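What follows is each chain in one-letter form.
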Amino acid sequence: EAEILTGISTLSHEGRIDAAKKFLEMGAKEVIISHNSELLVVSNKMQITVPFKNRNLNGRTGRGDTCTATYVSERFHRNIEEAALFSAALTSLKIETSGPFKQTRVDVEKFMRDYY
């Protein structure tokens, strides 16, 4: 969607950063872009890239929805870096299993300790 809305190719990491910056120019305060390899968060003050570390792709559909919803909900009580890491970890776990995410916050925190 970022490519369609900005006209900037998002095939490369640099292209995704450029597209995010374009959204900032349009008035966004924070921009998140999920790609099959990473979560990118860009604001006027910083840019964060957190890789997805899923061990398989059994539940690969729904990544964007899961990633976005998790990031937004975590930003209510975490800073950008913490929200991005938690979102990428939860999304990585979600990608491994078909259907909605059914694990716990404790499972996500363990995954973060083990893989990040």
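A brief structural summary. Along each chain, numbering runs from 1 in the same order as the chain's sequence is written. Whole-chain, interface and lining totals are the exception, using all residues; otherwise, since this is a predicted model, local features are given only for residues with pLDDT of at least 70 and side-chain atom pairs are given and counted only at 80 or more. Excluded from the side-chain calculations are hydrogens and water; all other atoms, namely the structure's heavy atoms, are used.

Time to look at the packing of aromatic side chains. Only rings of Phe, Tyr and Trp enter the pairing, Trp through its six-membered ring, and a pair is recorded when the two centres are within 6.5 Å. The plane angle decides the type: under 30 degrees is stacked, over 60 is edge-to-face, the rest tilted. Taken as a whole and assessed by the stated rule, the structure comprises 2 aromatic pairs. Ring geometry for F111 and Y115: centres 4.6 Å apart, planes at 35°, overall tilted. A residue pair is termed a helical-turn pair when its members lie 3 or 4 positions apart in one helix, as F111 and Y115 do in helix α5 (residues 105–115) at 4 residues. Looking at F111, the relative accessible area reads 3%, which means it is buried. Classification of Y115 by relative accessible area gives partly exposed; the value is 33%. Among the aromatic residues, those joined into a ring-pair cluster are F111, Y115 and Y116. Distance and angle both matter: a charge sits over a ring if NZ of Lys or CZ of Arg is within 6 Å of the ring centre and within 35 degrees of the ring normal. The positively charged end of K53 is found above the aromatic ring belonging to Y116, 4.8 Å away from the centroid. In this text, helices come from DSSP runs of H or I with a minimum length of four residues, and strands from runs of E with a minimum of two, each type numbered from the N-terminal end. For every residue, the accessible area obtained with a 1.4 Å probe (protein chains only) is divided by the maximum for its type, and the residue is called buried under 20%, exposed over 50%, and partly exposed between those limits.

Okay, the layout of surface pockets next. Looking at the largest pocket, its volume works out to about 350 Å³. A pocket, in this scheme, is an open set of points on a 1 Å grid over the protein atoms alone with protein on both sides within 12 Å along at least 5 of 7 lines, while a cavity is a set where a 1.4 Å probe fits but cannot get out; residues line either one if an atom lies within 4 Å of a point. Around the largest pocket sit 13 residues that line it, and E1, A2, I32, I33 and S34 are the ones nearest its centre. When residues of the lining of the largest pocket are assigned to their parent elements, the largest contribution, 4 residues, is made by strand β1 (residues 30–34). Gly falls in the polar group here, along with every residue not listed as nonpolar (Ala, Val, Leu, Ile, Met, Phe, Trp, Tyr, Cys, Pro) or charged (Asp, Glu, Lys, Arg). Classifying every residue of the lining of the largest pocket gives 5 nonpolar, 5 polar and 3 charged. Grid points are joined across faces, edges and corners, and a volume is the space filled by probe spheres set on the points.

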